[in-house]
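Structural characterization, general
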Amino acid sequence: MAKVLIAYYSRTGNTKAMAKVIAGAIKAEGNSVDLKLVTNVKVPSLLNYDAIILGTPVYYGTMAAEVKKLIDASVKLHGQLENTIGGAFASSANIGGGNETAITDIIHAFLIHGMIVRGDPEGDHYGPVSINRPNQRVIKNCRRFGKRIALLLKKVK
C-alpha cells in the first residue's frame, strides 16, 4: 500500500472540497492518504510519502503563500524527494484566474526535486482546476486525477 500526502490551503472550502474528492479516489484504489492543511505539514515528514499532492487557491496568478512557504522550506530535502510522485490542483474565482499558472508553479518545484509528475491528455492537463465551488465537471476530473495518481503509484512501486 502506497502512502500519499494531500496537503492543501483553503479559505472558502473550495480547495478543501477538491482535496477530499481526490483523496477518496486514491483510497478507493487501496492506498493510504493523509489529508492535511498545508500549514500542518512538517517538512521532514515529506520523506514518508510515495506521492505528494498540493492544492491551492489562486492569488495573483500563483499559489497561496502558505503553500509556497512549504515549498520554500522543502529546499532542506533537495535531492531526497527524487522519484516521489507529485501532483497539484487549484481553485480560483474566475476562468482566467490563474489556475494553470498556480499548478505549473508547484510542478516546477516538484521537477526541481526530481519528482515524477504525470500530465493528462484529457480534461485538466496539469491537474484539476475549479472555478469557485467544484461542480460535477470538477468532481469528475478530481476523481480521474486521483485514480491516475493511484495507477502510477502501482507502476512505480
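This write-up is about the structure you can find in this document.

1. Details of helix α2 (residues 65-73)
Those residues of α2 that fall on the buried side of the exposure criterion are Val67, Leu70 and Ile71. Down the axis, α2 shows its buried residues gathered within 100° of arc, on one side only. Opposite the buried face of α2, by more than 90 degrees, sit the exposed residues Ala65 and Lys69. Considering only its buried residues, α2 is in contact with β3 (51-59), β4 (62-63) and α3 (99-112).

2. Re unusual backbone geometry
For tyrosine 60, which is not a glycine, the phi torsion comes out positive at approximately 55°. The topology assignment puts tyrosine 60 in the loop between β3 and β4. Take tyrosine 60: its relative accessible area is 89%, and that puts it in the exposed class. The backbone phi angle of asparagine 132 is positive, close to 65°, even though this residue is not glycine. Positionally, asparagine 132 belongs in the loop between β7 (129-131) and α4 (136-156). The exposure class of asparagine 132 is partly exposed, given its relative accessible area of 39%.

3. Here's the deal with the pattern of salt bridges
Across all of its chains, the model carries 7 salt bridges by this definition. Across the pair lysine 154 and glutamate 29 runs a salt bridge whose closest N-O atoms are separated by 3.4 Å. Highlighted residues: lysine 154 in helix α4 and glutamate 29 in the loop between α1 (14-28) and β2 (32-37), separated in sequence by 125 residues. Arginine 148 is the partner of aspartate 120 in a salt bridge, and the nearest nitrogen-oxygen pair spans 3.6 Å. One end of the pair, aspartate 120, is in the loop between β6 (116-117) and β7; the other, arginine 148, is in helix α4, with 28 residues separating them in the sequence. Arginine 148 gets classed as buried once you look at its relative accessible area, which sits at 16%.

4. Quick word on the pairing of strand β5 (residues 85-92)
If a strand is regular, its side chains alternate between the two faces of the sheet. Where burial is concerned, most of β5 is hidden: 8 out of the 8 residues are buried. What you see with β5 is no split at all: Ile85, Gly87, Phe89 and Ser91 on one side and Gly86, Ala88, Ala90 and Ser92 on the other are buried throughout. The pairing of β5 with β6 spans 2 bridges and is classified as parallel. Counted as the bridge partner of glycine 86 is valine 117 from β6. In this fold, β5 hands off to α3, which returns the chain to β6; that crossover is right-handed. Of the strand pairs in this sheet, β5 and β7 are connected by 3 bridges, and their pairing is parallel. Across the sheet, residue alanine 90 finds its bridge partner in β7, namely valine 129.

About the criteria used
- Residues numbered from 1 in each chain as written.
- Predicted model: local features only at pLDDT ≥ 70, side-chain atom pairs only at ≥ 80, totals over all residues.
- Heavy atoms only, no water.
- Buried < 20%, exposed > 50% of the residue type's maximum accessible area, 1.4 Å probe, protein only.
- Helix = DSSP H or I, 4+ residues; strand = E, 2+ residues; numbered from the N terminus.
- Arc of directions from axis to C-beta.
- Contact = heavy atoms within 4.5 Å.
- Salt bridge = Lys/Arg side-chain N within 4 Å of Asp/Glu carboxyl O.
- Pairing = 2+ DSSP bridges.
- Right-handed = clockwise from strand over helix to strand, strands pointing away.

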